[in-house]
Amino acid sequence: ALRVEWCKAQAWAHRWEEEVQLLCEEMCRVLSFFDWQARWWDAQGSRRQFSSPAFTEGAVAYAHRQAMLHQRMSAWFRSLWDAVPSWSAKPPAD
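Thresholds applied
Residues numbered from 1 in each chain as written. Predicted model: local features only at pLDDT ≥ 70, side-chain atom pairs only at ≥ 80, totals over all residues. Heavy atoms only, no water. Helix = DSSP H or I, 4+ residues; strand = E, 2+ residues; numbered from the N terminus. Buried < 20%, exposed > 50% of the residue type's maximum accessible area, 1.4 Å probe, protein only. Contact = heavy atoms within 4.5 Å. Areas by Shrake-Rupley, 256 points an atom, 1.4 Å probe, with all protein chains shown as cover. Polar contact = N/O pair within 3.5 Å; in protein donor to acceptor, adjacent residues only side chain to side chain. Expected span 1.5 Å × (residues − 1). Patch = residues over 30% accessible without salt bridge, like charges linked within 9 Å, V, L, I, M, F, W, Y side chains within 5 Å. Salt bridge = Lys/Arg side-chain N within 4 Å of Asp/Glu carboxyl O.

Student: How would you explain the overall build of the protein chain if you had to name every residue and give the values?
Tutor: Within the protein chain, the regular secondary structure consists of three helices and zero strands. Ordered by position from N to C terminus, the α and β elements of the protein chain give α-α-α. In the protein chain, buried positions account for 16% of the 94 residues. The contacts of the protein chain with a sequence gap of at least 6 include a subset with a gap of at least 24, amounting to 72%. Of the accessible surface of the protein chain, which amounts to about 8000 Å², a share of 62% is contributed by carbon and sulfur atoms.

Student: How would you summarise the environment of R47 if you had to cite specific residues and measurements?
Tutor: Note on placement: R47 falls in the loop between α1 (2–44) and α2 (53–81). Its relative accessible area of 63% is what places R47 among the exposed residues. R47 sits 13 residues away from V60 along the chain, and the two C-alpha atoms are 9.0 Å apart.

Student: Tell me about the side chain of H70, and please be specific about residues and values.
Tutor: As for its position among the elements, H70 is in helix α2. A distance of 2.8 Å separates the side chain of H70 from the side chain of Q37, its partner in a polar contact. Excluding its chain neighbours within four sequence positions, the residues that come into contact with H70 are F34, Q37, A38 and W41.

Student: Please set out α1 residue by residue, giving values where relevant.
Tutor: Here α1 is 43 residues long and its end C-alpha atoms lie 62 Å apart, about the 63 Å a rise of 1.5 Å per residue gives. Of all the residues in α1, the buried ones are M27, L31, F34, Q37, A38, W41 and Q44.

Student: An account of a nonpolar patch on the surface is needed here, citing residue identities and associated values.
Tutor: On the surface, F33, W36 and W40 cluster together to form a nonpolar patch covering roughly 320 Å² of accessible area. Checked against the element boundaries, W40 lands in helix α1. Note on W40: relative accessible area 36%, which makes it partly exposed.

Student: Can you break down the pattern of salt bridges residue by residue, with the values?
Tutor: Summed over all chains, the structure comprises three salt bridges. Here K8 and E5 are joined by a salt bridge, their closest N and O atoms 3.8 Å apart. Taken together, the residues span about one helical turn, with K8 and E5 both in helix α1 at a distance of three residues. Taking relative accessible area as the criterion, K8 reaches 46% and is therefore assigned partly exposed. R78 is the partner of D35 in a salt bridge, and the nearest nitrogen-oxygen pair spans 3.1 Å. Separated by 43 residues along the polypeptide, D35 in helix α1 and R78 in helix α2 bring together distant segments of the chain. Classification of D35 as partly exposed rests on a relative accessible area of 28%. The partly exposed category is assigned to R78, whose relative accessible area is 35%.

Right, dumping it as structure tokens:
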């Protein structure tokens, strides 16, 4: 019975290790996506020309605002998640 409990505990530990790995990968992908989206919005500002200069200026301003928003979200999440690798660090082996 003790071996069965040990095996169950070992399985739970492996599942949690996998979950931590998946979570770290997901965080990296979220940051990459925000960075990509900020660059994409920066490029969108000058892609479209309108008949009115005011509309063109508005579109550029909107794209710039969206790019800044995504840059800020990336920076915010990066600052929140900076400590995560230390949370998931394994204790030194004896």
